[in-house]
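Geometric and topological summary
For reference, the chains in residue letters:
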Protein chains: 2
Amino acid sequence: MRVGELSKKSGVPVATIKYYLREGLLPAGVLTSPNQAHYDDEHLRRLRLVRALMDVGGLSIAAVREVLAAVDTREGSLHKKLGAVQEAISQPAAVELDPLAVEDVQAFFARQGEAECVDVTESNVTHMLASALSSARSVGHDHFRELLDPYLEGLKIIARADVEYIARFGSRDDIIEAMVVGTLVGDTVLKAVRRLAHAQVSREVIGDVPES
Amino acid sequence: MRVGELSKKSGVPVATIKYYLREGLLPAGVLTSPNQAHYDDEHLRRLRLVRALMDVGGLSIAAVREVLAAVDTREGSLHKKLGAVQEAISQPAAVELDPLAVEDVQAFFARQGEAECVDVTESNVTHMLASALSSARSVGHDHFRELLDPYLEGLKIIARADVEYIARFGSRDDIIEAMVVGTLVGDTVLKAVRRLAHAQVSREVIGDVPES
DNA sequence: GATGAATGGATAGCGGTGCTCTCCGCTATC
DNA sequence: GATAGCGGAGAGCACCGCTATCCATTCATC
């Protein structure tokens, strides 16, 4: 298939596909002539993945490139790959870290029996956690840290479901892609369902007089 | 206090504060002379809130303005205010909705015994949910919907903690602000802790040979 | 084999966003 | 009275994700 068909099948404009090719988000097609290239279903699949990462995950072009690099690398254990992917899809906010928030994170790790986290900025994930708690503190919510434990409790159920979902996939490539998609789509789904749960509680507890 | 001191206390450049004033994110100070205005702690508090919304919530200027409008309005029940705030902090991805994903959402509502949701696009929250599932489907993950129920189960624990947290606050204004901050900071914290849980499972289940 | 649309490749430009810079006349402070 | 800072307003800037244009070449159709 050539670029026009790829565009039709994916709904992505040709000019945008060319841009992605230039940016290295999409591998070049096989040249059959100096100005004719051939794309296959793998390209279509990759293109849809790129759009999904940007749309649902809100990833930047640079972050997508990083994720794809981690997905594509043939070396390293699955565990290492997950780590690399996690780093790429977890960009912390550019906020000055509150030392107290850093302590909150370290105390949380200690409570979970983990070796104490020397440097929260070492990983994007812990950095993200610390920066979120810093922001909370900056607006006077220094007790937000107390939610970490109940959050973890709920997330254990969720993470178990995540793992079972991932386990359905057979090949190494499918597993790593399911991790990426599952994590990002999951983030958004969790956001939405949490809001629904809040609305339900609000309806029950606070109540509201029906208008009609 | 004047703008310089406000800048020092908040860490936000004077030019940026002026910009926020122009954009209506910050109420004007009290003019003591034609070109001298006075700001108080309420301004500082608001400024920090604005930055927190943008930094941790990733909200745009427009979204922040919407949230503040909902926070500030004096009319409507608390329940209605929560609804307005939720809409403002839940911008769905600009993705074409897959009808099957819409059905997934409706089936989910039906399972929870809710009245069937006629139009998922009516609320940003349901729209967000449907667009996330649409993206998942676009990359071949049509079974992601099966995670909705376990997610809800975990989120019930989390939402309960959220409600208890909110309940600490006394005044109407503090409650609504705690909802905004708690929801947005909570989103990010959930993201981070979920990734930590994933990493832990990955370590245990998949394992990894220590290098040193 | 002529013709028109589409292609690969490269470059320039565009629209939105979140600031940042500059200038103005004025004012608080030393 | 000098100097720094002020409120206010507009222009400009950097980045990002495209989008538009151009070119020589190639493919599909007649």
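Rules behind the numbers
Residues numbered from 1 in each chain as written. Chains lettered and ligands numbered in written order. Predicted model: local features only at pLDDT ≥ 70, side-chain atom pairs only at ≥ 80, totals over all residues. Heavy atoms only, no water. Near = heavy atom within 4 Å. Polar contact = N/O pair within 3.5 Å; in protein donor to acceptor, adjacent residues only side chain to side chain. Helix = DSSP H or I, 4+ residues; strand = E, 2+ residues; numbered from the N terminus. Nonpolar A, V, L, I, M, F, W, Y, C, P; charged D, E, K, R; others polar. Contact = heavy atoms within 4.5 Å. Pairing = 2+ DSSP bridges. Least-squares fit on C-alpha atoms with pLDDT ≥ 70 in both. UniProt positions renumbered as here; feature names shortened; annotations may be inferred. Buried area = accessible area lost by both parts, 1.4 Å probe. Salt bridge = Lys/Arg side-chain N within 4 Å of Asp/Glu carboxyl O. Core = buried A, V, L, I, M, F, W, Y, C linked by side-chain atoms within 4.5 Å. Buried < 20%, exposed > 50% of the residue type's maximum accessible area, 1.4 Å probe, protein only.

Here we take up the protein's contact with DNA strand C. Taken together, 24 residues sit near DNA strand C, with Val3(A), Gly4(A), Ser33(B), Asn35(B) and Ile61(B) positioned nearest. Backbone atoms, meaning sugar plus phosphate, form 64% of the atoms of DNA strand C positioned within 4 Å of the protein. In this structure, a phosphate oxygen belonging to DNA strand C sits 2.9 Å away from a main-chain N or O atom of Gly4(A). Note that a phosphate oxygen of DNA strand C is positioned 3.0 Å from one of the side-chain N or O atoms of Tyr20(B). Those elements that provide at least two residues to the surface near DNA strand C are helix H1 (3–10), helix H2 (14–23) and strand E2 (36–38) of chain A together with helix H2 (14–23) of chain B. Residue composition of the surface near DNA strand C, grouped by class: 11 nonpolar, 8 polar and 5 charged.

Turning next to the side chain of Asp187(A). Its place among the elements puts Asp187(A) in helix H9 (residues 172–206). A polar contact is formed between the side chain of Asp187(A) and the side chain of Arg195(B), at a distance of 2.8 Å. Sequence-distant contacts of Asp187(A), that is, excluding residues within four places in its chain, are made with Lys191(B), Arg194(B) and Arg195(B).

Turning to the pairing of strand E1 (residues 30–33) of chain B, a few remarks are in order. Residues and elements named next belong to chain B. Where E1 meets strand E2 (residues 36–38), 3 bridges bridge the pair, whose relative direction is antiparallel. Looking at the pairing, Leu31 lines up with Ala37 of E2. Connecting E1 to the next strand, E2, in antiparallel fashion are 2 residues.

Moving on to the relation of the copies chain A and chain B. Once chain A has been moved 0.0 Å along the axis and rotated by 180°, it coincides with chain B to within an RMSD of 0.1 Å. As the rotation angle and translation indicate, the two copies are arranged about a two-fold axis. Identified as the residue of chain A closest to the rotation axis by C-alpha distance is Gly154(A), at 2.1 Å. Mapped onto chain B, 100% of the interface residues of chain A again fall at the interface, so both copies present the same surface.

Within this numbering scheme, the UniProt entry marks residues 1–70 of chain A as carrying the feature "domain: HTH merR-type" (unreviewed entry). Helix makes up 61% of residues 1–70 of chain A and strand 10%, and the two end C-alpha atoms of the span are 27 Å apart.

Examined against the element boundaries, Pro99(A) turns out to sit in helix H6 (residues 99–111). Here the alpha-carbon distance between Pro99(A) and Arg195(A), two residues 96 residues apart in the chain, equals 30 Å.

The subject of this paragraph is the interface of chain A and chain B. Taken residue by residue, the interface counts 79 residues in chain A and 79 residues in chain B. Interface of chain A and chain B: buried area, both sides summed, is about 7200 Å²; carbon and sulfur atoms make up 70% of it. It is His79(A), Arg194(A) and Arg195(A) in chain A that bury the most area against chain B; as a group they hold 10% of the surface buried on that side. Run the count over chain A and chain B and you get 8 salt bridges. Residue Arg194(B) is joined to Asp162(A) by a salt bridge in which the shortest nitrogen-to-oxygen separation is 2.9 Å. Linking chain A to chain B there are 26 residue pairs in polar contact (both at pLDDT 80 or more).

So, on to the nonpolar core. The biggest cluster of nonpolar side chains holds 132 residues, and the ones touching the most others in it are Leu129(A), Phe144(A), Val189(A), Leu129(B), Phe144(B) and Val189(B). Other than its neighbours up to four places away in sequence, Phe144(B) contacts Tyr165(A), Gly182(A), Val185(A), Gly186(A), Val189(A), Leu133(B), Ala136(B) and Tyr151(B).

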